[in-house]
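Below, each chain spelled out in residue letters.
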Amino acid sequence: MSSSPRRLKVVDSTSHEVAVQPGLTVAFATGDLQNVDQHFGTCRKFALYLIHPSGSQLQEVITFEEEKQDGNEAKLPPRLKALAPCQAIYCLAVGGSAARQLLAQGTSPIRLDEKMRIETLIGEIRHKMQYDPAPWMSWSKSLMDKKICNFDAELDEQWEE
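Residues numbered from 1 in each chain as written. Predicted model: local features only at pLDDT ≥ 70, side-chain atom pairs only at ≥ 80, totals over all residues. Heavy atoms only, no water.

Caption draft 1: Representation of the nonpolar core in the model. One finds Val26, Phe28, Tyr90 and Trp136 to be the most contacted residues of the largest nonpolar core, which totals 18 residues. Breaking this core down by element, the ones donating at least two residues are strand E2 (24-30), strand E4 (45-52), strand E6 (88-91), helix H4 (118-131) and helix H5 (135-156). In terms of residue count, the dominant contributor to this core is H4 (4 residues). Not counting the four nearest positions on each side in its chain, tryptophan 136 is found in contact with Leu24, Val26, Gln87, Ala88, Tyr90, Ser108 and Ile110. Judged by nonpolar contacts, the second largest core, of 17 residues, contains Ala29, Ala82, Leu83 and Ala98. (Core = buried A, V, L, I, M, F, W, Y, C linked by side-chain atoms within 4.5 Å. Buried < 20%, exposed > 50% of the residue type's maximum accessible area, 1.4 Å probe, protein only. Helix = DSSP H or I, 4+ residues; strand = E, 2+ residues; numbered from the N terminus. Contact = heavy atoms within 4.5 Å.)

This is the structure:
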């Protein structure tokens, strides 16, 4: 049975521009915090970055206990919950059930064919954000716009005190 993940949040009190700029929260399945080199279901570490067209910042590292690649789906709920704020997750492999559950919560699983540097992927994401958004970016934006519209509608409703 999976235990709760350990979370390391990065706090940078000197940099305020990243925090106020809109962007995408993207997770990378990594063993060394430098490369995407892990399977979603057995990955021990996920590096979460806030990425926007003019830069990026590591926001958090989420660590899980070691898991076997055994088809046991009991390990998925803690991962799905921990990664719910992400618009995308880059990994080397992801099972069909995990992919469906990620999509259902609004997170696009992005499967890579081979190990890639996180720094390279961030550069590609930033470029796409500026010039040619990938389909998952447009989908994430439409989901965010719906959430904002729903919140605005709730604010317009009568409130009882």
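Caption draft 2: The environment of lysine 9, seen in detail. Inspection of the secondary structure puts lysine 9 in strand E1 (residues 6-9). Residue lysine 9 is classed as exposed on the basis of its relative accessible area, which comes to 56%. Each C-alpha atom, one on lysine 9 and one on glutamine 59, is 6.0 Å from the other, the two residues being 50 residues apart in sequence.

Caption draft 3: Expanded view of the pairing of strand E7 (residues 108-111). Where burial is concerned, the two faces of E7 differ: the one with Ser108 and Ile110 is buried and the one with Pro109 and Arg111 is not. Pairing of E6 with E7 involves 4 bridges; the strand directions are parallel. Its bridge partner being in E7, alanine 88 is matched across the sheet by serine 108. Regarding topology, helix H3 (residues 96-104) serves as the crossover connection from E6 to the parallel E7, and that connection is right-handed. (Pairing = 2+ DSSP bridges. Right-handed = clockwise from strand over helix to strand, strands pointing away.)

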